[in-house]
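# What the coordinates show
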Amino acid sequence: MSHSLLTDVTQALTTGVLRLVDLTHTLDPDFPVIILPPEFGQCARFRMEEVSAYDNRGPAWKWHNLTLNEHTGTHFDAPAHWISGRDVPNGTVDAIPVDAFVGPVVVINCSAGAATNDDFELTPDIIFDHETAHGTIPEDSWVLMRTDWSKRRGADYLNMQADGPHSPGPTPDAVRLLVEERNIRGFGTETVGTDAGQGSHYTPPYPAHFILHGAGKFGLQCLCNLDQLPPTGAVLIAAPLKIKGGTGSPLRVMALVPG
Amino acid sequence: MSSRAHMPKKDPQKRTNTPTQPPPQRSRAALGLTAAAAEGRFMLQVCPECRAVQYPPRDACVDCLDTALQWQDITPTGQLLADTTVRTSTNLYFRERGDWRVGTVELDAGPKIVCHLAQDCSAPERVTLLARLDRSGQGVLVAQPENSKTRLADDPQLKALTSDPRHARVLVTDLRNANTPALVEHLLAAGAETVFVGESEAWRKDPQRDALAAIPGVEIMPLDVTDTNSVRQLAAEIGGKIEILINNGRFLRPARLPSGGDTVFAAQEMDVNYLGLLRLAQGFGPALASRTADGQRQALAWVNILSIFALNPVPGFDTFAASQAAARSLSLSMRATYQSSGLRVMNVYVGATEDVWHQPVHPPKQSPRALARDLVAGLQDGLEDVVSGDTARDLMERFREHPGVFEREVTFGEWGV
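If you tally the helices and strands in chain A, you get six helices and 15 strands. Against the globule reference of 18 Å for 259 residues, chain A gives a C-alpha radius of gyration of 19 Å, in line with a compact fold. In terms of its C-alpha atoms, chain A occupies a principal-axis envelope of roughly 65 × 55 × 40 Å. Per-residue burial for chain A yields a buried fraction of 39% across its 259 residues. Put simply, 73% of the contacts in chain A that link residues at least 6 apart link residues at least 24 apart.

Here is the structure:
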């Protein structure tokens, strides 16, 4: 039974009945990372240092040393990333059971609001409206906030102003609803973090990080191509690197969608 | 293209001249004159026994054979006794440059000296001697009429003793440094044709950017000294089109050794201050060193702005000082490497500067404008070592006087944040 199901899936991928969508930005030295006040430690940028390139340093091979943070580029946040999740069992990327890395995904479309308001908030009402149209968010599913923010380039992405960055994100009540009432698996965004640019001014500060990770839920950020996903019915594949004690990881995020 | 005055363009069908050098090191004793000239100081040896001023530099007093000769600053005035013009030479460097004026000067301090002559000098007349570096990096002496207002850079024979930024294209590597606007302003005021300014992380706009971009003659280029590929790319693009490179990149986080449990900031200090310089040297060094005889647009100088803490750490800046010491060491290696090309490596040492990371440090602190002024003056004088500001000068002198005392005095406490 399961054997034929898997065969059906691979055939569906070959024939185009199912399709994979890449939700990942390219790891690129010029891709923005989160900026904190300069006296705090900063997120390492992605760097690639050539070790050899078929030359005197290694005649037949080319390879690079990489430097980056666990939270550089399109990345996964484990519960241990936040102080609220530091005592969550199996809260680091190496300890999370692998079955958490493939699962259903719901996409809440906030792109119209985010197009006109840089500080657009995902509220419980927007979630209820989504559910009215597409059904209740299934338990243990990923919820992604589509804003089309990934289409922004350069300084418009962080949108840093004198009073901090301005980008959309969820309100504390919206995160509580998703975590406490819908018991989701994780929450993902197209922005540099799961929280709004001005998320430090909520109570609690950075509510997505605080509430999600405190409840053992995961985060995904710097996603793209969410406009190619259906509101419900897709499958998200997001497997972080198995880093000992890691609080997150850059990763390739894909979604399996109807062709 | 800016509307600023440009140098005549080079004929792309003509081969670029291979640099030739004036004669190399004369003697070990002569290095004292060179080290003084590197700072623009006119120093000669003086006999502690009979007070005789010596020239040329030697190992024993010309009068009493005392061997404890001491280098001292000497009043640089004298009388030009005779002048002549050398019409030809077997030395390639002088041969390429045609007629060369030399003369004999009797210094008020005593010795008679054969030296280079400025164009407007003719015997007999009162002259002032300047100690400068030639393109072999050796100290040489030049006579100018006393109170002359003519700049060496305007003298076709002696221009090579300077790194004058007039008509030069300059790269200032870090747009984000607080000193960048002042550097740009002083370079353009000194006649630089174009100032390229390196901008890292354009996705994180710097508040200084718009004002800099609006200045005629300024071109903002992508450059991140922590990214080898970024350095390589800009070097490929404009490495052959700059005559002066000013490395003003700096990462600084005040830190005392026992604090913190990680190396994150220390690594960033090394990455920007030391490895950044190494990446720049690997990227831009070969292009600059190969163009020191490139017609009228000769590559002139490489400038590193270093903290005076490079000599000796200061409490509160422990890891930063280590990165500066590493950068200084590399800079000295660069100087030795490029000496044979004639590309001058100038270190500008500065103490605490007026910026956010020195905010808790008591004044005096060097302002960006004062730093820029000293840096440009150093280029105009063709120096290798510039010490900018009273604090840095005081520290440098105390360091030279007695490194062991200095270490205990400075590193053990006096300074702290």
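Glancing now at the interface of chain B and chain A. Taken residue by residue, the interface counts nine residues in chain B and twelve residues in chain A. Residues that form the side of chain B that touches chain A fall into these classes: three nonpolar, three polar and three charged.

Residues and elements named next belong to chain B. Along its sequence, chain B is organised into domain 1 (31–161) and domain 2 (169–414). The C-alpha centroid of domain 2 is placed 31 Å from the C-alpha centroid of domain 1. Counting residues at the interface gives nine residues for domain 1, matched by nine residues for domain 2. Tallied by class, residues from the side of domain 1 that touches domain 2 come to four nonpolar, two polar and three charged.

Three or more residues of helix H5 (residues 228–238) of chain B are buried, namely B:Thr228, B:Ser230, B:Val231, B:Leu234 and B:Ala235. An end-on view of H5(B) places all buried positions within 165° of arc, on one side of the element. Against the buried residues of H5(B) lie strand S2 (47–55) of chain A together with strand S10 (194–199), strand S11 (218–222) and helix H6 (264–289) of chain B.

Here is a general trend for soluble globular proteins: nonpolar side chains tend to be buried in one another's company. All names here are of chain B. Core analysis: the largest hydrophobic core is formed by 104 residues, its most contacted members being Val142, Ala143, Val170, Val195, Ile244 and Val303. Of the residues forming this core, the biggest block, nine residues, is contributed by H6. Each residue touching valine 170, except ones within four places of it in the same chain, is listed here: Pro165, Leu187, Ala192, Val195, Phe196, Ile242, Ile244 and Ile246.

Residue and element names in this part refer to chain B. Reading across the sheet, the seven strands line up as S11-S10-S9-S12-S13-S14-S15 and stay open at both edges, with parallel pairing between neighbours. At either margin of the open sheet sits one strand with a lone partner, and together these are S11 and strand S15 (385–388). The average angle at which neighbouring strand axes cross in this sheet is 20°, direction not considered. Summarising the sheet, strand S14 (residues 344–350) and S15 pair through four bridges and their orientation is parallel.

Quick notes on the rules
- Residues numbered from 1 in each chain as written.
- Chains lettered and ligands numbered in written order.
- Predicted model: local features only at pLDDT ≥ 70, side-chain atom pairs only at ≥ 80, totals over all residues.
- Helix = DSSP H or I, 4+ residues; strand = E, 2+ residues; numbered from the N terminus.
- Rg over C-alpha atoms; globule rule 2.2 N^0.38 Å.
- Buried ≥ 20, exposed ≤ 12 C-beta atoms within 10 Å, placed from the backbone.
- Contact = placed C-beta atoms within 7 Å.
- Nonpolar A, V, L, I, M, F, W, Y, C, P; charged D, E, K, R; others polar.
- Domains from an automatic or database assignment.
- Arc of directions from axis to C-beta.
- Core = buried A, V, L, I, M, F, W, Y, C linked by C-beta atoms within 7 Å.
- Pairing = 2+ DSSP bridges.
- Axes fitted to C-alpha atoms, helices over the stretch in contact; angles between N-to-C directions.

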